[in-house]
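Analysis of the macromolecular model
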Amino acid sequence: YETVDMNALVAEEDAWLKSTGATVEFKNETVVLSGPGDADGNSVVGYGDKKFKNTVFNFTYKQENTGSSWGGFGIQLSPSALPWATKSVLICMKEDLVELQYWGSEYSGIIKAEGNYLKDGQEQEITFGMYDVDAASDKVQIVLSIDGVEIFNEIVVDATLSEFEGYFATIGSKGLTVTVG
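Rules used in this analysis
In every chain, residue numbers begin from 1 and rise along the written sequence. Since the coordinates come from a predicted model, pLDDT governs what is reported: local features require at least 70, and pairs of side-chain atoms require 80 or more to be given and counted, while whole-chain, interface and lining totals use all residues. Think of the side-chain values as coming from all heavy atoms in the structure, minus any hydrogens and water. Labels follow the DSSP assignment, with helices taken as runs of H or I lasting at least four residues and strands as runs of E lasting at least two, numbered in each case from the N terminus. Using C-alpha atoms as the atom set, the radius of gyration is obtained and then compared with a globule rule of 2.2 Å times the number of residues to the power 0.38. Using a 1.4 Å probe on the protein chains alone, a residue whose accessible area is under 20% of its type maximum counts as buried, one over 50% counts as exposed, and one in between counts as partly exposed. Two residues qualify as a contact provided that any one of their heavy atoms is within 4.5 Å of a heavy atom in the partner residue. Residues enter a patch when their relative accessible area is above 30% and they make no salt bridge; the linking distance is 9 Å between like charges and 5 Å between nonpolar side chains (Val, Leu, Ile, Met, Phe, Trp, Tyr). For accessible areas, the Shrake-Rupley method is used with a probe of radius 1.4 Å. Any residue's cover is judged against the shown protein chains and nothing else. A pairing counts as a salt bridge when a side-chain nitrogen of Lys or Arg comes within 4 Å of a carboxyl oxygen of Asp or Glu. Residues scored as positive are Lys and Arg, those scored as negative are Asp and Glu, and His as well as the terminal groups of each chain are ignored. Charge placement uses NZ in Lys and CZ in Arg. For Asp and Glu, CG and CD serve respectively. Any Phe, Tyr or Trp ring, taking Trp's six-membered ring, that has another such ring centre within 6.5 Å forms a pair; planes under 30 degrees apart are called stacked, those over 60 apart edge-to-face, and the others tilted. Strand pairing follows a simple DSSP-based rule, namely that at least 2 bridges must link the two strands. An axis is simply a line fitted to the C-alpha atoms; with a helix, the fit covers only the stretch in contact. Between two such axes, the angle follows the N-to-C directions and lies from 0 to 180 degrees.

**Considering the overall build of the protein**
- If you tally the helices and strands in the protein, you get 2 helices and 15 strands.
- On C-alpha atoms alone, the protein measures out to a radius of gyration of 15 Å, which is about the 16 Å that the 2.2 N^0.38 rule sets for 181 residues.
- Dimensions of the protein, computed from the C-alpha atoms along their principal axes, are close to 40 × 35 × 30 Å.
- Of all 181 residues assigned to the protein, the portion counted as buried reaches 51%.
- Relative to all contacts within the protein whose residues are 6 or more apart in sequence, the contacts with residues 24 or more apart total 60%.

Here it is, written out as structure tokens:
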């Protein structure tokens, strides 16, 4: 698989596409997403110049004022659409829970990891990705670690996900501020 350092992507400011109602700023080698978002309060910004397949991303992540809101990041078919509206793999960061959500053709699922992995308002080191394990049997591996702690290392069997190329995107709900760099 390919390893991507997010700093190279963030430097290409014109390549980032945002959803309706999203506010996006570029500062200190990061992309900062905030609301107010769409009618439901969701905002998305994604890197639109390249689709990724068999890729692991390394980046810093900060989520501020989480409360009952949530933020996250993932790989999806559109760089600026809501991830559940299309094929995607989404990491959803909540105050006391991290979810791996995926939508493919044969199966959609949510895998939960309970715990206080999110440090609200603090930068955290993230490794996230998806890559083929065995293309003949449609197996993909989805990985996530936060500050060096493995949260997910899941093998999913889905023909759509094993063939999937998508855009990296980040999302915030209810006007939440999310910073990726």
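**Notes on a negative patch on the surface**
- Together, Glu12, Glu13, Asp14 and Asp49 line one region of the surface with negative charge.
- Among the structural elements, Glu12 can be located in the loop between α1 (6-10) and β2 (16-18).
- Judged by relative accessible area, which is 35%, Glu12 ranks as partly exposed.

**Side note on the pattern of salt bridges**
- What the rule picks out here adds up to 5 salt bridges.
- Among the ionic pairs, Glu99 bridges to Lys94, the shortest N-O distance being 3.4 Å.
- For Lys119, the salt bridge identified is with Asp147, shortest N-O distance 3.3 Å. Taken together, the residues Lys119 in the loop between β10 (108-114) and β11 (124-134) and Asp147 in the loop between β12 (139-146) and β13 (149-157) connect sequence positions 28 residues apart.

**Details of the packing of aromatic side chains**
- According to the stated counting rule, one finds 10 aromatic pairs in the structure shown.
- Centroid distance Trp16 to Tyr47: 5.7 Å. Interplanar angle 70 degrees. Geometry classified as edge-to-face. Pair noted here: Trp16 is in strand β2 and Tyr47 is in strand β5 (residues 42-47), with a separation of 31 residues, a long-range link.
- Taking relative accessible area as the criterion, Tyr47 reaches 4% and is therefore assigned buried.

**Remarks on the sheet that holds strand β14 (residues 167-173)**
- With antiparallel pairing, the 7 strands of this open sheet are ordered in space as β2-β5-β14-β7-β8-β9-β10. At either margin of the open sheet sits one strand with a lone partner, and together these are β2 and β10. Averaged over all pairs of adjacent strands, the angle between strand axes in this sheet comes to 15 degrees, irrespective of strand direction.
- Pairing of strand β9 (residues 97-103) with β10 involves 7 bridges; the strand directions are antiparallel.

**Side note on the environment of Ser80**
- Looking at the secondary structure, you find Ser80 in the loop between β7 (71-76) and β8 (88-94).
- Looking at Ser80, the relative accessible area reads 24%, which means it is partly exposed.
- Separated by 35 residues in the primary sequence, Ser80 and Val45 place their C-alpha atoms 5.3 Å from one another.
- Residue contacts for Ser80: discarding those within four places in its chain leaves Leu17, Lys18, Ser19 and Val44.

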